[in-house]
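What the coordinates show
Letter by letter, the chains look like this.
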Amino acid sequence: QVQLVESGGGLVQPGGSLRLSCAASGRILRINDMGWYRQAPGNKRELVARIDSGGSTNYADSVKGRFTISRDNAKNTVYLQMPSLKPEDSAVYYCKADILMSGNSYWNNYWGQGTQVTVSS
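Keep in mind the model is a prediction, meaning the values are calculated, not measured.

Each value, and the rule that gives it
Residues numbered from 1 in each chain as written. Predicted model: local features only at pLDDT ≥ 70, side-chain atom pairs only at ≥ 80, totals over all residues. Heavy atoms only, no water. Helix = DSSP H or I, 4+ residues; strand = E, 2+ residues; numbered from the N terminus. Buried < 20%, exposed > 50% of the residue type's maximum accessible area, 1.4 Å probe, protein only. Contact = heavy atoms within 4.5 Å. Areas by Shrake-Rupley, 256 points an atom, 1.4 Å probe, with all protein chains shown as cover. Lys, Arg positive; Asp, Glu negative; His and termini not counted. Charge placed at Lys NZ, Arg CZ, Asp CG, Glu CD. Salt bridge = Lys/Arg side-chain N within 4 Å of Asp/Glu carboxyl O.

Description of the overall build of the chain
The helix and strand tally for the chain stands at zero helices and 11 strands. Principal-axis analysis of the C-alpha atoms gives the chain an extent of 50 × 25 × 25 Å. The buried share among the 121 residues of the chain stands at 41%. Long-range contacts, defined here as pairs at least 24 residues apart, represent 56% of the contacts in the chain between residues at least 6 apart. Just so you have it, the chain exposes about 6,600 Å², and 43% of that area is on carbon and sulfur atoms. Distance between charge centres in the chain, computed from 13 positive and 9 negative side chains, equals 3 Å.

Notes on the pattern of salt bridges
This model, assessed by the stated rule, comprises three salt bridges. The closest approach of N and O atoms between Asp-89 and Arg-38, which form a salt bridge, is 2.9 Å. Here the residue Asp-89 occupies a position in the loop between β8 (77-82) and β9 (91-101), and Arg-38 occupies one in strand β4 (residues 28-39), the gap between them amounting to 51 residues. A cluster of three or more residues bridged by salt bridges with shared partners is formed by Arg-38, Glu-46, Arg-66 and Asp-89.

What follows is the structure, given as structure tokens:
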């Protein structure tokens, strides 16, 4: 009964900015790593950025120095700030979270439905 809902995608011109949000809801006890992945048509899904429960981050080389991932543990929400967007950033962006649910002894990865980011002039 865990749900991840992404928001903040849209159409933006090259050089523009977007901020993605992903909120987790349900019978959540703990959230470990959270991350953002993206997939363009015909391409494999790739890691964009991730952040652990302590705030340590990791970025793909293609976005390192541009994007910033952050999280609000009280809101079970992860964000991705995306300035200086390029056409090659266009993709569906998916949220992923490693979650321990109430009543379970198992950690599982959960995925959101994705939000479209299109960078075009």
